[in-house]
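Spelled out, the chains give:
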Amino acid sequence: MANEIAIHHSETVVGQGNALSYVMSPGRIGTFALSFNLLDLGTQDATDDQGQIQGTISSLDFTYALSYALSLSRYLTVGATVKHVELRVSCSGLCTDLP
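Computed from a prediction, not measured in an experiment: that's the story for all the values here.

Chemist: Looking at this model, I keep getting lost on the pattern of salt bridges. Mind explaining?
Modeler: When the charged atoms of two side chains lie near each other, side chains of opposite charge can form a pair. Here the structure, examined in full by the defined rule, presents 1 salt bridge. As a salt-bridge pair, R88 and E86 come within 2.6 Å of each other at their nearest N and O atoms. In this structure E86 comes out as partly exposed when scored by relative accessible area, which is 23%.

Right, here's the structure in full:
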């Protein structure tokens, strides 16, 4: 049985990303994986038509995934992944024009 854990952190122009994955290969029954990804896009000012600050907007993106793969032969492996993607936008202050 082979198990692996991967942890990733990055800071880019877009935001801060973090990921955690766990892979378990118990043998002939295939390979299973769980993963979690978080992208923090930070905050920005919400302004009105005149440029006056009305509030602060923050945004987070979450992804949860469950994967399974199985080798059917020496030359053929199949797999599938189910994902849940969640985008969270929150605002403090006057944020009447947010979707």
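Still more to cover.
Chemist: What's the story with the packing of aromatic side chains in this structure? I'm lost.
Modeler: Geometrically, a pair of aromatic rings is defined through the distance of the ring centres and the angle of the planes. Per the stated rule, a full pass over the model turns up 4 aromatic pairs. For the pair F32 and Y68, a centre-to-centre distance of 4.9 Å together with 45 degrees between the ring planes defines the contact as tilted. Here the residue F32 occupies a position in strand 3 (residues 30-47), and Y68 occupies one in strand 4 (residues 53-71), the gap between them amounting to 36 residues. Ring pairs connect the aromatic residues F36, F62 and Y64, which therefore count as one cluster.

Chemist: Explain the pairing of strand 2 (residues 16-27) to me, please; I cannot follow it from the model alone.
Modeler: Remember that side chains alternate between the two faces of the sheet whenever the strand is regular. In terms of strand pairing, strand 1 (residues 2-11) meets strand 2 through 10 bridges, oriented antiparallel. Directly across from I5, in strand 2, lies its bridge partner Y22. The turn joining strand 1 and strand 2, which pair antiparallel and follow one another in sequence, is formed by 4 residues. In sequence, strand 2 turns back onto strand 3 through a hairpin of 2 residues.

Chemist: Whenever I open this one, a nonpolar patch on the surface confuses me. Can you help?
Modeler: On the surface, I5, I7, L20, Y22, L34, L66 and V82 cluster together into a nonpolar patch covering about 730 Å² of accessible area. Of all the secondary structure elements, the ones that give two or more residues to the nonpolar patch are strand 1 and strand 2. With respect to the secondary-structure elements, I5 resides in strand 1.

The rules behind each value
- Residues numbered from 1 in each chain as written.
- Predicted model: local features only at pLDDT ≥ 70, side-chain atom pairs only at ≥ 80, totals over all residues.
- Heavy atoms only, no water.
- Salt bridge = Lys/Arg side-chain N within 4 Å of Asp/Glu carboxyl O.
- Buried < 20%, exposed > 50% of the residue type's maximum accessible area, 1.4 Å probe, protein only.
- Phe/Tyr/Trp six-rings, centres within 6.5 Å; stacked < 30°, edge-to-face > 60°.
- Helix = DSSP H or I, 4+ residues; strand = E, 2+ residues; numbered from the N terminus.
- Pairing = 2+ DSSP bridges.
- Patch = residues over 30% accessible without salt bridge, like charges linked within 9 Å, V, L, I, M, F, W, Y side chains within 5 Å.
- Areas by Shrake-Rupley, 256 points an atom, 1.4 Å probe, with all protein chains shown as cover.

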